[in-house]
Amino acid sequence: MDRLPHEKGFHVSWDQLHRDARALAWRLQDAAPASGWKAVVAITRGGMAPAMIISRELDIRTVDTISVKSYNHQEQSEPRIIKSPDATVVGDGEGILIIDDLVDTGKTLEVVRKAMPKAHVATVYAKPQGRPMVDSFITEVSQDTWIFFPWDMALQYVKPFHGSDD
Ligand SMILES: O=P(O)(O)OC[C@H]1O[C@H](OP(=O)(O)OP(=O)(O)O)[C@H](O)[C@@H]1O
Ligand SMILES: Nc1nc2[nH]cnc2c(=O)[nH]1
Ligand SMILES: [Mg+2]
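Residues numbered from 1 in each chain as written. Chains lettered and ligands numbered in written order. Predicted model: local features only at pLDDT ≥ 70, side-chain atom pairs only at ≥ 80, totals over all residues. Heavy atoms only, no water.

Asker: Sorry if this is basic, but what is going on with the sheet that holds strand β3 (residues 63-69) here?
Answerer: Within a sheet, each strand pairs with its neighbour through backbone hydrogen bonds, oriented either parallel or antiparallel. With respect to topology, 6 strands assemble into an open sheet ordered β4-β3-β2-β5-β6-β7, the strand pairing being mixed. The open sheet has two free edges, formed respectively by β4 (80-83) and β7 (136-140), since each of these has just one partner strand. Strand-to-strand twist across the sheet, computed as the mean angle between neighbouring axes with direction ignored, equals 25°. Where strand β5 (residues 96-103) meets strand β6 (residues 120-126), 6 bridges bridge the pair, whose relative direction is parallel. Paired with I99 across the two strands is A122, which belongs to β6. (Pairing = 2+ DSSP bridges. Helix = DSSP H or I, 4+ residues; strand = E, 2+ residues; numbered from the N terminus. Axes fitted to C-alpha atoms, helices over the stretch in contact; angles between N-to-C directions.)

Asker: What is the right way to look at the nonpolar core in this model?
Answerer: If you look at soluble globular proteins, the nonpolar side chains tend to sit buried side by side. Core analysis: the largest hydrophobic core is formed by 21 residues, its most contacted members being L28, I54, L58, L97, I99 and Y125. When residues of this core are traced back to their parent elements, those giving at least two are α1 (14-31), β2 (39-44), α2 (48-57), β5 and β6. Ranked by residues supplied to this core, first place goes to α1 with 4 residues. When sequence neighbours within four positions are dropped, the list of residues in contact with L28 reads W37, I54, L58, L97, I99, H120, A122 and S136. Grouped together as the second largest cluster of nonpolar side chains are 18 residues, L109, M116, M133 and V134 included. (Core = buried A, V, L, I, M, F, W, Y, C linked by side-chain atoms within 4.5 Å. Buried < 20%, exposed > 50% of the residue type's maximum accessible area, 1.4 Å probe, protein only. Contact = heavy atoms within 4.5 Å.)

Asker: Mind showing me how you'd approach the pattern of salt bridges here?
Answerer: Opposite charge on two side chains permits pairing when their charged atoms draw close. Per the stated rule, a full pass over the model turns up 12 salt bridges. Of the charged contacts in the structure, one is a salt bridge between R61 and D59, with a shortest N-O distance of 3.1 Å. Comparing R61 with D59 shows no difference in burial state: the two are exposed. Ionic contacts of the salt-bridge type, sharing partners, join the residues R22, R56 and E57 into one network. (Salt bridge = Lys/Arg side-chain N within 4 Å of Asp/Glu carboxyl O.)

Asker: Would you take a moment to explain the UniProt feature "binding site: Mg(2+)" (unreviewed entry) in the protein chain for this structure?
Answerer: In the UniProt entry, the feature "binding site: Mg(2+)" (unreviewed entry) is given for D101. Note that D101 resides in strand β5. Take D101: its relative accessible area is 8%, and that puts it in the buried class. Here D101 is in contact with G46, G47, P50, T123, V124, Y125, F149 and W151, once residues within four sequence places are set aside. (UniProt positions renumbered as here; feature names shortened; annotations may be inferred.)

Asker: Help me out: how do you make sense of the site of ligand 1 in this one?
Answerer: Contacts to ligand 1 come from 13 residues, most closely from R45, D100, D101, T105 and T108. D104 places a main-chain nitrogen or oxygen 2.8 Å from an oxygen atom of ligand 1. G106 places a main-chain nitrogen or oxygen 2.8 Å from an oxygen atom of ligand 1. Relative to its unbound accessible area of 500 Å², ligand 1 is 78% covered by the protein chains. (Near = heavy atom within 4 Å. Polar contact = N/O pair within 3.5 Å; in protein donor to acceptor, adjacent residues only side chain to side chain. Areas by Shrake-Rupley, 256 points an atom, 1.4 Å probe, with all protein chains shown as cover.)

Asker: Help me understand α2 in this model?
Answerer: Given 3.6 residues to a turn, an α-helix orients residues that are three or four positions apart in the same direction. If you check which residues of α2 are buried, you get A49, P50, A51, I53, I54 and S55. Contacts made by the buried residues of α2 are with α1, β2, β3, β5 and β6. Downstream of α2 by a residue or two, D59 has a phi angle that is positive, lying close to 55°.

Okay, structure coming up:
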């Protein structure tokens, strides 16, 4: 992966993600328009887990997805939308809540924002470079941190400390 290596790792468990997504939902309740959020749009795939938790907390039943494909610099430099949400529901984004797990460079959100300029964009985690692209987030980590999500990890055996140097 061309964005690696990173200096630091930030490991997120399912429990931590659940707590942080809930905290984001509560914050989004205060940011809702008077008529409430019309729909949630999850940015696949990482946005789907937090979007499920947030739509449950805020009792939003209309949930759609947007899929953005990022290419590496050798092929195509800009991410592009390969699946759009229902245009009759999302319109220009007014009253729409867009959810992703994190913002890093902000390139994914740049494309998504162009498609729905009036939407409210929220991520659970944010890095400084992408932070201007989000309206709400919970936790900021430094740009040289790689965030590890529970769906990318597995429990593993580790050697006992005693005798680990042989
Ligand atoms: O701010 P950016 O630099 O654009 O990066 C952030 C995006 O990168 C990751 O998704 P990825 O494209 O790896 O796909 P995935 O969600 O399907 O894992 C993450 O889930 C964000 O959507
Ligand atoms: N899992 C994960 N995906 C990313 N995509 C861009 N930045 C990150 C990150 O820090 N962690
Ligand atoms: Mg993603």
